[in-house]
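Results of the structural survey
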Amino acid sequence: VDHVERVFAAGPYVYVADGHEGIMTDLTRTVGVTAGLVLVVLALGMRSVRAPLVLGVPVLISAILQLSALSLLFGSLNTFTSFGTALLVGLGLDSGIHLWMRTRELRRDGLEVEDAIACAWDTVGPACVTATLTSAAGFAVLGLAEFRGLAHLGISLAIGLVLCLVATGVLLPILLRAFDRRLPRIRPRPAVRPTPRRTSVIGLVVLLLVGGGASVFGAFNLRFQHDITLMNRDRMAFSKLDEATRELVRQAYPPVVVTLPDADAAAAAHQRLDDARRAGELPHVGQVLSVAGLLPRGRRDQLPDAVVALLGGPNRVLLRPQGDLYDLRESSAFIDELAPHAPDAASEQLAQGAVYRAMVRDTPWIVGAALGLVGLLVLADLRKTPILAAAALASLTLGLGIAAGACALLGVELTLMNLIGLPVLLGIGIDVVLHFAHRLRDQAGLRTVGGAAALSTVTTLASFIALTTASSGGIRSVGMLIVVGLSAVTLTSAIALPLFMAVLRPAQAPSDP
């Protein structure tokens, strides 16, 4: 049409629909890419085309059982529990990788398949059980969160990890006996000289300075993205629209609905709210609408039914919002504005503000509680070697601090969606640290467990790398946080833990750090 300058569909319902479509499209598109990357990494890392089958079958069965358990508990999946199943692909492979690589190491020493499997369970099995249960306990703490999506995610991951551990313990020995009997004997590599204590002290001091600086830098520069439209596809981001289109979007806000017991109460509420608006107490309200505001009491029955229905009925008051309510800070402030005047008001923007408040309120204490519980379990597991337990927790804390600094340096922002990545980093990080710690406690060095930890980390990263190319900003933010954070945590822990032990307990330091 000639006289129409622009046609633009806007408003929260459009954003919700577009966001849901974007998330589903991205998840569907990246599943194939992610699965392909994980299969390739497993085949190359284990040097066997059978590796995806041997390691993937227990995880696949666990994922099916996890979905069944979630169906019984919650009835349906949401965005967060859907991520829980996807995360399980990367997290659930850890125990199988560590057990298989330890079995291979023992076979190189001359043991037959059955004896190598049994010995591997004796040496690496306890670390796998402890690491899995510790990670699961950390995730289970999320079940206490007020925000239901975060709570369901934690329960989903806790159930999935335990199922993966059980499935790996039952199926992996059978699969290894069937598919890994002809592994060629490989000559062990020569031992590496232990690092001198002075070098270890210097290295640890440098690492602590780097970690402290990164933590401070992250604390002051790691930002939270408050524009919720950036969680949708790039073309729908409010901040990327021109001013004329932004104004169209602002005019498309659905009204805030205030429901009253009867028409008289609605008329009184209309007057009270309109007076508050005129007095400047409701800066995010542009107009107050109701049946009582159109006609006096005696003439309200003259209004057409369609108009009454458009206004929500005679016992409702509608508030037309204004301002940038796609900014989560603004929608949260809107809740405070309405609380003294209409505490029971409901709208899309108020719901966004409530979710934002719940996430901001829950995340610090949930992550803190999870870290505290993980710390207690690590101390209990390594109670006979308290120095090693302290070194393990210090390495994890240092790794998380450097991860925060790396995210801030690379411009990775926290969002309402990628907050789920924080407990994931904690869960994966403690898994890696505990495997390192058990090998150090057994005086076995870090060669084999280092390779297993590296392969486990790379498979997890492969699960998220595809997400960094997603069209949905929310999906992309999850991928970026996990990829950057996990890389920093793993590398830091692998370097820090041997250094801590070389400095704190030099006489018992392993000969193959």
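Residues numbered from 1 in each chain as written. Predicted model: local features only at pLDDT ≥ 70, side-chain atom pairs only at ≥ 80, totals over all residues. Heavy atoms only, no water.

Structural notes on the nonpolar core
- Of all hydrophobic cores here, the largest spans 122 residues; its most connected members are V317, L319 and L497.
- It is helix 18 (residues 473-504) that provides the largest number of residues to this core, a total of 15 residues.
- By size, the runner-up hydrophobic cluster in this structure holds six residues, among which are V291, L303, V308 and L318. (Core = buried A, V, L, I, M, F, W, Y, C linked by side-chain atoms within 4.5 Å. Buried < 20%, exposed > 50% of the residue type's maximum accessible area, 1.4 Å probe, protein only. Helix = DSSP H or I, 4+ residues; strand = E, 2+ residues; numbered from the N terminus.)

Digging into the packing of helix 4 (residues 94-108) against helix 5 (residues 113-123)
- Relative to each other, helix 4 and helix 5 sit at 125 degrees, their axes nearing to 8 Å. If you check the angle between helix 4 and helix 5, you find them oblique. Crossing geometry of helix 4 relative to helix 5 is assigned as right-handed. Contact residues: L99, R102, T103, L106 and R107 in helix 4; V113, A116, I117, C119, A120, W121 and T123 in helix 5.
- Per-class residue counts for the contact of helix 4 with helix 5 are eight nonpolar, two polar and two charged. (Axes fitted to C-alpha atoms, helices over the stretch in contact; angles between N-to-C directions. Parallel < 35°, antiparallel > 145°, perpendicular 65-115°, else oblique. Left-handed = near helix turned anticlockwise from the far one by under 90°. Contact = heavy atoms within 4.5 Å. Nonpolar A, V, L, I, M, F, W, Y, C, P; charged D, E, K, R; others polar.)

A closer look at helix 18
- Under the 1.5 Å per step criterion, the end-to-end length of helix 18 is 45 Å for 32 residues, consistent within 8% with the ideal 46 Å.
- At S493, helix 18 shows its strongest bend, of approximately 25 degrees.
- For helix 18, the buried fraction is high: 25 of the 32 residues fall into the buried class. (Expected span 1.5 Å × (residues − 1). Bend = angle between axes of the 7 residues up to and from the residue.)

What to know about the confidence of the model for the protein chain
- Predicted confidence across the protein chain gives a mean pLDDT of 80, with 82% of residues reaching 70 or more.
- Every residue in residues 507-513 is under pLDDT 50, and counting partners more than four places away or in other chains gives 18 contacts. (pLDDT = per-residue confidence, 0-100.)

Considering the packing of aromatic side chains
- Taken as a whole and assessed by the stated rule, the structure comprises two aromatic pairs.
- With 5.5 Å between their ring centres and 55 degrees between their planes, Y253 and Y326 make a pair best called tilted. Linking Y253 in the loop between helix 9 (243-251) and strand 1 (256-259) with Y326 in the loop between strand 3 (316-321) and helix 13 (328-338), this pair joins segments that are 73 residues apart in sequence. The residues Y253 and Y326 share a single accessibility class, namely buried. (Phe/Tyr/Trp six-rings, centres within 6.5 Å; stacked < 30°, edge-to-face > 60°.)

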